[in-house]
Every structure is written in structure tokens, then in C-alpha cells.
Amino acid sequence: MKNLLFAGFMLLFAAGIFAQPNPDSVVYVQQRNKINAMLADRRAKFGQYDTSLTKRSGIFGMQTKGDVKRSNEILMDIAETDDEIFTELKKLFDYNNNQLKFSKFQRLQTENNLKDAEKSRIAYLNSISTLRQQNDSLKVKVKQLETAGQKKQGILIVVSVILFASILALLIVKRKTKA
């Protein structure tokens, strides 16, 4: 039971390690969520602005200076929120551009590595081809040397037989002259 519990704990621990999200995408998602929250806040403020425009607390249903001032304050708050949203959007776009540049850099680096590997492969194939040609030419030279050696051996045998025959003939002639 303890082993099963330990194995389950280790499995959960390993799953936690391998399930770590990419920190870059986490920051990107957080930035998007922040912008979405700011946009929701802006919508709410715009709703307040719209209700403040229809609010008329003056005599005979007219707007007072206070009503107009509150509407303008809400409008200024919306403008400030818009500026903050633009700033955060710029950060998000910069982050996105950096991610795109990094992925482009990685793609180019991978392509360069592939080109280098292909050049190396071609160089190895050329080296192998050159070595095969040298091997073939050396085999031809070995065969030529073997045939030349066989010819020399044949000539040596013929010369040896002639020499032996000459010596034998001289011995026979010398015995006949002594006898």
C-alpha cells in the first residue's frame, strides 16, 4: 500500500514538473487579461457617462452645472482609461513582436543548422566517393603488380630451368670428356 501511495505521489510530482506552462505565454495571457479587465472597466464608465448625460436634476428637467461637471469628470476618467489601455496594448504588441522575432530567429537558426548539416553530408559523400575511387585505382594497381610479379616469376622459373639445364648439360659434357 505504501509503495502504491509513493508511486502515485511520484506520478503527480512528475506530472507537475512536465505540465509547467511556458512562462512567456503566461505573461502574454496575463497582459491580455489585464487589458480585457481595463476594457470592461471602460465599458462600465461609459455606461455611467451615458446615464449622467440623461440625468437632469435642474428645474424643469434641465441639466445643472453639477450634472455637466460630473459627466465631464466621467468622460475625463474614460479618456485616462483609454490612455492606459493604449499603453498596455503597446506593451502587448511589443511582447507579441518580440515573440515573433524570437520565433523567426529560432526558425532561421534551425534553417542554418539544416544547411550546415546538408553541407557536411555532401562533403562526407564527396569524401566517400573520392576514397572509393582511390580504392578502385589501388585495386587496379595491385592487380597490375600481381600480374607483373607473376610474369617475373614465370621468367625467373624459365631462367632457372634454362640455368639448371645448362648446368646439367655442362656436367654431362664434362663427364663424357673425362670418360
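The rules behind the values
- Residues numbered from 1 in each chain as written.
- Predicted model: local features only at pLDDT ≥ 70, side-chain atom pairs only at ≥ 80, totals over all residues.
- Heavy atoms only, no water.
- Helix = DSSP H or I, 4+ residues; strand = E, 2+ residues; numbered from the N terminus.
- Buried < 20%, exposed > 50% of the residue type's maximum accessible area, 1.4 Å probe, protein only.
- Contact = heavy atoms within 4.5 Å.
- Areas by Shrake-Rupley, 256 points an atom, 1.4 Å probe, with all protein chains shown as cover.
- Phe/Tyr/Trp six-rings, centres within 6.5 Å; stacked < 30°, edge-to-face > 60°.
- Polar contact = N/O pair within 3.5 Å; in protein donor to acceptor, adjacent residues only side chain to side chain.
- pLDDT = per-residue confidence, 0-100.
- Patch = residues over 30% accessible without salt bridge, like charges linked within 9 Å, V, L, I, M, F, W, Y side chains within 5 Å.
- Salt bridge = Lys/Arg side-chain N within 4 Å of Asp/Glu carboxyl O.

1. Some thoughts on the overall build of the protein
Helix and strand content of the protein: three helices and zero strands. Written out in order from the N terminus, the α and β elements of the protein read α-α-α. Relative to its 179 residues, the protein shows a buried fraction of 9%. A separation of at least 24 residues holds for 69% of the contacts in the protein among residues at least 6 apart in sequence. Surface summary for the protein: the accessible area is close to 15,600 Å², and the carbon and sulfur share equals 65%.

2. Some remarks on the packing of aromatic side chains
Geometrically, a pair of aromatic rings is defined through the distance of the ring centres and the angle of the planes. Within the structure shown, the criterion is met by one aromatic pair. Arranged with centres 6.1 Å apart and planes meeting at 45°, the rings of Phe46 and Tyr49 form a pair that is tilted. Here Phe46 and its partner Tyr49 are both found in helix 2 (residues 23-54), three residues apart, which amounts to about one turn of the helix. In this structure Phe46 comes out as partly exposed when scored by relative accessible area, which is 41%. Taking relative accessible area as the criterion, Tyr49 reaches 16% and is therefore assigned buried.

3. Considering the side chain of Gln31
Looking at where Gln31 falls in the secondary structure, it is placed in helix 2. Residue Gln31 is classed as buried on the basis of its relative accessible area of 16%. One polar contact links Gln31 to Glu88, side chain to side chain, over a distance of 2.6 Å. In this structure Gln31 touches Glu88, Lys91 and Leu92, once residues within four positions along its chain are discounted.

4. Structural notes on the confidence of the model for the protein
Looking at the protein, the pLDDT average stands at 83 and 82% of residues meet or exceed 70. No element of the protein has a lower mean pLDDT than helix 1 (residues 2-18), which averages 56, and none a higher one than helix 3 (residues 65-178), which averages 89. Of the regions scoring below 50 in pLDDT, residues 17-21 engages in one contact with residues more than four places distant in sequence or in other chains.

5. Overview of a nonpolar patch on the surface
A cluster of nonpolar side chains, Tyr124, Leu125 and Ile128, forms an exposed patch at the surface whose accessible area comes to about 320 Å². Relative to the elements of secondary structure, Tyr124 occurs in helix 3. Looking at Tyr124, the relative accessible area reads 60%, which means it is exposed.

6. Some points on the side chain of Lys45
Structurally, Lys45 can be placed in helix 2. Among the polar contacts listed, one links the side chain of Lys45 to the side chain of Asp77, at a separation of 3.1 Å. A polar contact of 2.9 Å, which involves the side chain of Lys45, links it to the side chain of Thr81. With near-sequence residues (within four places) excluded, Lys45 lies in contact with Ile74, Asp77, Ile78 and Thr81.

7. Let's talk about the environment of Asp82
Looking at the secondary structure, you find Asp82 in helix 3. Note on Asp82: relative accessible area 19%, which makes it buried. Each C-alpha atom, one on Asp82 and one on Met38, is 8.6 Å from the other, the two residues being 44 residues apart in sequence.

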